[in-house]
Amino acid sequence: MRIEPGQPRPDGLPDLSDRNFWIGPRDERATGFRAIRDTPGLPFYPEPLFENSPIERGPGFYALTRHEDVWHVSRHPELFCSGRGGVNIGDLNQELSEFFGSMISMDDPKHFRLRSIVAKGFTPKHIRAVEEQVRTTAAALVDEMLTEHPDRRADFVEVFSGPFPLRIICSMMGIPDGDVRQVFEWTNTILGVGDPEFVGSYDELVTAGLEIFAYAQALGEARRADPTEDITSALMHADLDGDRLSPQEFGSFFILLVVAGNETTRNAISHGLLALTEHPDQRERWFADYDAHVRSAVEEIVRWASPVIHFRRTVTGDTELAGVPLHDGDKVVMFYESANRDERVYDEPQRFDVARPVQPAQVGFGAGGPHFCLGANLARREIAVAFDEIRRRLPELRVAGAPAYLESNFINGIKRLPCVW
Ligand code: HEM
């Protein structure tokens, strides 16, 4: 039986395809996911429609909400692939999904080849250079907050969590400071799909994609001719057994890096400040002995925030999951946000606890397997340094108003977060 989005389901479960589920109160969303986790099997949903998009409504998807199922699917790419229509719910044709998603929308061996080339841009030498950059960028942003906001209030996303990872990834890629604002707008459009504040039409999304692609091509060509120390130069000159990135591959990888390296960390830091404001005992505990808790606190912030809500896989043949038979072409959507709150795995998952054991692992960066987040260590470092800088120089920094959430079933975004210090 086909259930349309917005219609009550006979099983009484919340409707993950209904926009109201995603814009509703967060605690209702948590209760809704819990109800799905507690229901045996895998609920099947119709696909939500993206307004004005040429994407046709596909056959629907199975929702994976338990940690165990997300873990299994992530680690069996031979049964659950990424290269058939992409890793979001609606299908893009493979060309478009590789254009926007690069290797995240590919399977091995194509994915492995790209990831190996790209790993050359993430050598210890590059990451060491970035360490310094992370620290100085955080310090510079706090300086700006102190000098430009004498009344000690501002929008945290605008003054800190937005520019921080953006400046770092742009600097790693060799993007000149004068172009950073433009990159910020392109990535907002690409990841803001569905939120009318960022993207009104599908055409705007495609335009942003083409513009950033053209920008990448020009930058890549400049670095091919005249290499510097940045990742763009490393990628343009990476040579894996004589194999190089084509201009098309470089352009798409560039989009993936600036989008993935930017919005996700921004939202982790915003959610982190919100959680530390709402749980002052946890803030005190962490900040009283920062180093003792930094590792667990960062993992807890990513678990709590789950900046990426879902990724999808497509079933490649007959298999079974949670007792449900699955067949070639079926879509399964892994809801990291729900898996990260699974009471079968975490003790009191609705409690924010900066000293929570780091095992069992949270799945905010993915649950293992070939696509596990390439930037996880960079992101962890950024989050740790951000809160260290805040603790030392803005010890009174707190959220002082309601967050404006991004309207999305994909990115757990906070658009604005009023704060005082
Ligand atoms: C808190 C911040 C971040 C979160 C929550 C996050 C989350 C994720 C998730 C869920 C995946 C997919 C995992 C899978 O399918 O198994 C992913 C992949 C990826 N991430 Fe991140 N990410 C973050 C930061 C970053 C940063 C800073 C970068 C880059 C500098 C980055 C680059 C990538 C890339 C390139 C992939 C694709 C890897 C592949 O397909 O092989 N991410 N990330």
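Keep in mind that this is a model prediction, so the values were computed, not measured.

1. So, the overall build of the chain
At step 1: On a plain count of helices and strands, the chain comes out with 17 helices and 12 strands.
At step 2: In terms of overall size, the chain behaves like a compact globule, its C-alpha atoms giving a radius of gyration of 21 Å where 421 residues would be expected to give roughly 22 Å.
At step 3: Overall, the C-alpha framework of the chain stretches about 60 × 55 × 40 Å when taken along its three principal axes.
At step 4: Here the analysis covers contacts within the chain between residues at least 6 apart in sequence; of these, 70% occur between residues at least 24 apart.
At step 5: When the accessible surface of the chain is totalled, it reaches about 17700 Å², and 53% of it is carbon and sulfur.
At step 6: For the chain, the centre of its 45 positive side-chain charges and the centre of its 65 negative side-chain charges are spaced 4 Å apart.

2. A word on the environment of Asp 91
At step 1: Counting through the fold element by element, Asp 91 comes out in the loop between strand S3 (80-81) and helix H4 (94-101).
At step 2: There is a polar contact of 2.5 Å between the side chain of Asp 91 and the side chain of Arg 312.
At step 3: Separated by 3.3 Å, the side chains of Asp 91 and Lys 331 make a polar contact.

3. A closer look at the packing of aromatic side chains
At step 1: This structure, assessed with the given rule, holds 20 aromatic pairs.
At step 2: Relative to Tyr 336, the ring of Phe 311 has its centre 6.3 Å away and its plane inclined at 80°; by these criteria the two rings are edge-to-face. With Phe 311 in strand S5 (residues 310-315) and Tyr 336 in helix H16 (residues 336-339), the pair connects residues that are 25 residues apart, well separated along the chain.
At step 3: For Phe 311, a relative accessible area of 15% puts it in the buried group.
At step 4: Here the aromatic cluster, defined as three or more aromatic residues joined through ring pairs, consists of Phe 21, Trp 22, Phe 33, Tyr 45, Phe 61 and Phe 335.
At step 5: The ring of Tyr 45 has Arg 9 sitting right over it, with the charged end atom 4.3 Å from the ring centre.

4. Quick word on the coordination of the iron atom of the ligand
At step 1: The sole protein-derived ligand of the iron atom of the ligand is Cys 373 (SG), positioned 2.3 Å away.
At step 2: With respect to the helices and strands, the residue Cys 373 is situated in the loop between H16 and helix H17 (376-393).

5. As for the sheet that holds strand S12 (residues 418-420)
At step 1: Pairing is antiparallel in the open sheet, where 3 strands are placed in the order S4-S12-S9. The open sheet is flanked by strand S4 (153-155) and strand S9 (398-399), the only strands paired with a single partner.
At step 2: Looking at chain direction, S4 and S12 are connected through 3 bridges and run antiparallel. Bridge pairing in S12 places Ala 154 opposite Cys 419.

6. As for the nonpolar core
At step 1: The biggest cluster of nonpolar side chains holds 109 residues, and the ones touching the most others in it are Phe 160, Phe 254 and Phe 387.
At step 2: Ranked by the residues each element gives to this core, the list is headed by H17, at 9 residues.
At step 3: Residues Trp 22, Tyr 45, Phe 61 and Val 333 belong to the second largest nonpolar core, which totals 13 residues.

7. Focus on the site of the ligand
At step 1: Of all residues adjacent to the ligand, which total 29 residues, the nearest are His 111, Arg 115, Arg 313, His 371 and Cys 373.
At step 2: Measuring from an oxygen atom of the ligand, one finds a side-chain N or O atom of Arg 313 at 2.8 Å.
At step 3: The set of elements that each furnish at least two residues to the shell around the ligand consists of helix H5 (110-119), helix H12 (247-260), helix H13 (263-278), S5 and H17.
At step 4: Of the residues contributing to the shell around the ligand, the split by class is 19 nonpolar, 8 polar and 2 charged.

8. Points about the packing of helix H15 (residues 290-305) against H17
At step 1: Where H15 meets H17, the axes come as close as 10 Å, and the angle between the chain directions of the two elements is 125°. Classified by the angle their axes make, H15 and H17 are oblique. At the point where H15 passes H17, the crossing takes the right-handed sense. Two secondary-structure elements touch here, H15 through Tyr 290, Val 294, Val 298, Glu 299, Ile 301 and Val 302 and H17 through Arg 380, Ile 383, Ala 384, Val 385, Phe 387, Asp 388 and Arg 391.
At step 2: Taken together, the residues that form the contact of H15 with H17 break down as 9 nonpolar, no polar and 4 charged.

9. Examining the sheet that holds S3
At step 1: Reading across from one edge, S1-S2-S8-S5-S3 is the order of the 5 strands in this open sheet, with mixed pairing throughout. Two strands close off the open sheet at either side, each with one partner strand: strand S1 (44-45) and S3.
At step 2: Sheet topology places S3 next to S5; 2 bridges connect them, and they run antiparallel. Across the sheet, the residue bridging to Cys 81 is Thr 314, located in S5.
At step 3: On top of the sheet, helix H3 (residues 67-74) reaches strand S2 (61-64), S3, S5 and strand S8 (331-335); it is set at about 120° to S8, its chief contact.

10. Brief notes about helix H2 (residues 26-37)
At step 1: Taking 1.5 Å of rise per residue, the 12 residues of H2 would be expected to cover 16 Å, and the 17 Å separating its terminal C-alpha atoms lies within 8% of that figure.
At step 2: Buried within H2 are the following residues: Arg 29, Gly 32, Phe 33, Ile 36 and Arg 37. Each buried residue of H2 lies within a common arc of 140° when the element is viewed along its axis, so the set occupies one face. Counted as exposed and oriented over 90 degrees from the buried face of H2: Asp 27, Glu 28 and Thr 31.
At step 3: Those residues of H2 that are buried lie in contact with helix H1 (19-23), S1, S8 and H16.

11. Things to note about helix H14 (residues 280-288)
At step 1: Three or more residues of H14 are buried, namely Gln 282, Arg 283, Trp 286 and Phe 287. On an axial view of H14, the arc spanned by its buried residues comes to 120°, and they lie on one face. Facing away from the buried side of H14 by over 90 degrees, the exposed positions are Glu 284 and Ala 288.
At step 2: At its buried positions, H14 is contacted by H13, H15, H17 and S9.

12. What about the state of the cysteines?
At step 1: If you walk through the whole model with that rule in mind, you get 0 disulfides.
At step 2: Cys 373 provides the cysteine sulfur closest to Cys 170, a residue in no disulfide bond, and the two sulfurs are 17 Å apart.
At step 3: For Cys 170, a relative accessible area of 0% corresponds to the buried category.

Quick notes on the rules
- Residues numbered from 1 in each chain as written.
- Predicted model: local features only at pLDDT ≥ 70, side-chain atom pairs only at ≥ 80, totals over all residues.
- Heavy atoms only, no water.
- Helix = DSSP H or I, 4+ residues; strand = E, 2+ residues; numbered from the N terminus.
- Rg over C-alpha atoms; globule rule 2.2 N^0.38 Å.
- Contact = heavy atoms within 4.5 Å.
- Areas by Shrake-Rupley, 256 points an atom, 1.4 Å probe, with all protein chains shown as cover.
- Lys, Arg positive; Asp, Glu negative; His and termini not counted.
- Charge placed at Lys NZ, Arg CZ, Asp CG, Glu CD.
- Polar contact = N/O pair within 3.5 Å; in protein donor to acceptor, adjacent residues only side chain to side chain.
- Phe/Tyr/Trp six-rings, centres within 6.5 Å; stacked < 30°, edge-to-face > 60°.
- Buried < 20%, exposed > 50% of the residue type's maximum accessible area, 1.4 Å probe, protein only.
- Lys NZ or Arg CZ within 6 Å of the ring centre and 35° of its normal.
- Donors = N, O, S within 2.8 Å, 3.2 Å for Na, K, Ca; no water.
- Pairing = 2+ DSSP bridges.
- Core = buried A, V, L, I, M, F, W, Y, C linked by side-chain atoms within 4.5 Å.
- Near = heavy atom within 4 Å.
- Nonpolar A, V, L, I, M, F, W, Y, C, P; charged D, E, K, R; others polar.
- Axes fitted to C-alpha atoms, helices over the stretch in contact; angles between N-to-C directions.
- Parallel < 35°, antiparallel > 145°, perpendicular 65-115°, else oblique.
- Left-handed = near helix turned anticlockwise from the far one by under 90°.
- Expected span 1.5 Å × (residues − 1).
- Arc of directions from axis to C-beta.
- Disulfide = S-S within 2.5 Å.

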